[in-house]
Amino acid sequence: MAEVDKEFKFIKKGKYDVSNKIFLDLVFNNNCNYSCPFCIARTNTYSEDNYDKWKSSFSKTIDIFGNEIDSLIILGGEATIDKRFFDRLSFIDEVTSGKHIFTILTTNGYKLQSDSFLDKVGNSSIDSFNISMMNHDPLKNKLLMGDTIDIDSLKRIYEVIKEYGKTLRLNTNVAKNNLNSLKEIEDYIRFFKGCQDAIKFTPLMETDMFDTVSGVLKYTKEKALSKEEIKVLFDSLARKYKSSKHNDKVFGLINYGEVDALGSHIILKYEQVEDMYDLGRVIPTLKLYPNGNLSNEWNHRKNILDDFSSNKVYEFKSR
Ligand code: SF4
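This is a predicted model, so every value here is computed, not measured.

**Quick look at helix 6 (residues 182-191)**
Here is step 1: For helix 6, every residue scored as buried is listed here: I185, Y188 and I189. For helix 6, the angular spread of the buried residues around the axis is 95°, confining them to a single face.

The following block contains the structure:
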């Protein structure tokens with residue numbers, strides 16, 4: 001199970017154990033043009049936007065962790081509606097130039113329906129796109145997300161993304177009211193065949209994120225399946241389509257399975273592996289907020305940048 005985990009090494013930097021593979025989430029904004037009832041970006045407080053501090057924090061983060069950062073993951077809210085979306089992208093390009101850090105944009109796909117927007121992101125350093133598409137039934141999808149792009153738009157987006165040599169993954173969640181049976185999951189995979197490079201199924205989790213609004217807490221509490229139910233569902237998919245690629249992995253602090261089913265590459269997020277490490281100290285994921293604070297958790301008020309120094313030499317050790 002811990003095949004991928006073995007590749008992780010840790011060092012001590014300041015008061016934290018820092019992994020040799022860090023996933024840096026770049027939270028561009030907190031707002032969105034959709035209205036998913038489970039959205040963790042819907043918070044009681046808005047993270048203020050301080051672009052100058054964001055730029056200096058991003059440069060400092062790359063300066064300190066540049067060699068350890070495995071991927072940049074651009075998030076929101078909906079990052080593409082941020083008024084500084086392309087400014088931020090250009091700044092990221094400038095600072096990471098020559099470092100070849102894999103960059104992923106997570107989006108609801110709405111803006112990608114515009115050809116000019118699609119060409120601009122196609123020409124940017126984004127390597128891969130994660131598009132959220134909850135259900136294959138457009139009406140159900142609209143009910144779950146508040147809005148949706150249609151299958152023809154998705155096909156067009158995929159076509160252009162492939163022309164630019166990039167990849168597209170669909171993200172969805174599994175819950176009591178969405179894709180909660182093997183048949184529904186198979187129908188979803190069949191429907192989106194040919195317009196994605198991978199599909200990731202994530203259980204809707206009872207969220208206890210910092211500042212998330214009470215409506216989201218209530219919704220996720222009501223609709224989340226139990227860990228056991230998820231395991232039974234995902235294991236039945238993995239058993240049915242078992243291929244040479246099927247494997248349970250620990251990726252960061254998350255347990256993943258992969259399987260090829262119905263001609264698509266499927267990623268199954270099982271659960272958070274909470275007992276592996278002391279979560280307060282280990283850093284595989286960092287989050288940079290629009291206010292310029294860098295945090296190792298979903299808390300935009302905390303800034304841990306000052307706990308690190310860029311001019312020290314550290315030695316990695318296997319864990
Ligand atoms: S599309 Fe994403 S950011 Fe927008 S409301 Fe839904 S979950 Fe939240």
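**Examining the nonpolar core**
Looking at soluble globular proteins, one finds that nonpolar side chains tend to be buried together.
Here is step 1: Residues L26, I74 and L288 are the most contacted members of the largest nonpolar core, which totals 64 residues.
Here is step 2: Counting residues per element, this core draws most heavily on strand 2 (residues 16-27), which supplies 5 residues.
Here is step 3: Excluding its chain neighbours within four sequence positions, the residues that come into contact with L26 are L72, I73, I74, L75 and L288.

**Side note on the pairing of strand 3 (residues 69-75)**
Here is step 1: Of the strand pairs in this sheet, strand 2 and strand 3 are connected by 6 bridges, and their pairing is parallel. Considered in strand 3, the bridge of V27 is made with L75.
Here is step 2: Where strand 3 and strand 4 (residues 102-107) come together, 4 bridges link them in parallel fashion. When the sheet's bridge partners are listed, L72 is paired in strand 4 with T103.

**Structural notes on the environment of K231**
Here is step 1: For K231, the position within the fold is in helix 8 (residues 227-240).
Here is step 2: The exposure class assigned to K231 is partly exposed, which follows from the 17 C-beta atoms found within 10 Å.
Here is step 3: Sequence-wise, K231 and L268 are 37 residues apart; in three dimensions their C-alpha atoms are separated by 9.8 Å.

**Digging into unusual backbone geometry**
Here is step 1: In the segment running from G76 into G77, the intervening peptide bond is cis, with an omega of 20°.
Here is step 2: With respect to the helices and strands, the residue G77 is situated in the loop between strand 3 and helix 2 (85-96).
Here is step 3: Its identity as a non-glycine residue notwithstanding, H100 has a phi of 50°, on the positive side.
Here is step 4: Mapped onto the fold, H100 is located in the loop between helix 2 and strand 4.
Here is step 5: Judged by the 9 C-beta atoms lying within 10 Å of it, H100 is exposed.

**Things to note about the site of the ligand**
Here is step 1: Around the ligand, the neighbouring residues are C32, Y34, S35, C36, C39, A41, G76, G77, E78, N108, S132 and M145.
Here is step 2: Here the shell around the ligand is built from residues that sort into 6 nonpolar, 5 polar and 1 charged.

Procedures and definitions
Residues numbered from 1 in each chain as written. Predicted model: local features only at pLDDT ≥ 70, side-chain atom pairs only at ≥ 80, totals over all residues. Buried ≥ 20, exposed ≤ 12 C-beta atoms within 10 Å, placed from the backbone. Helix = DSSP H or I, 4+ residues; strand = E, 2+ residues; numbered from the N terminus. Arc of directions from axis to C-beta. Core = buried A, V, L, I, M, F, W, Y, C linked by C-beta atoms within 7 Å. Contact = placed C-beta atoms within 7 Å. Pairing = 2+ DSSP bridges. Near = placed C-beta within 6 Å. Nonpolar A, V, L, I, M, F, W, Y, C, P; charged D, E, K, R; others polar.

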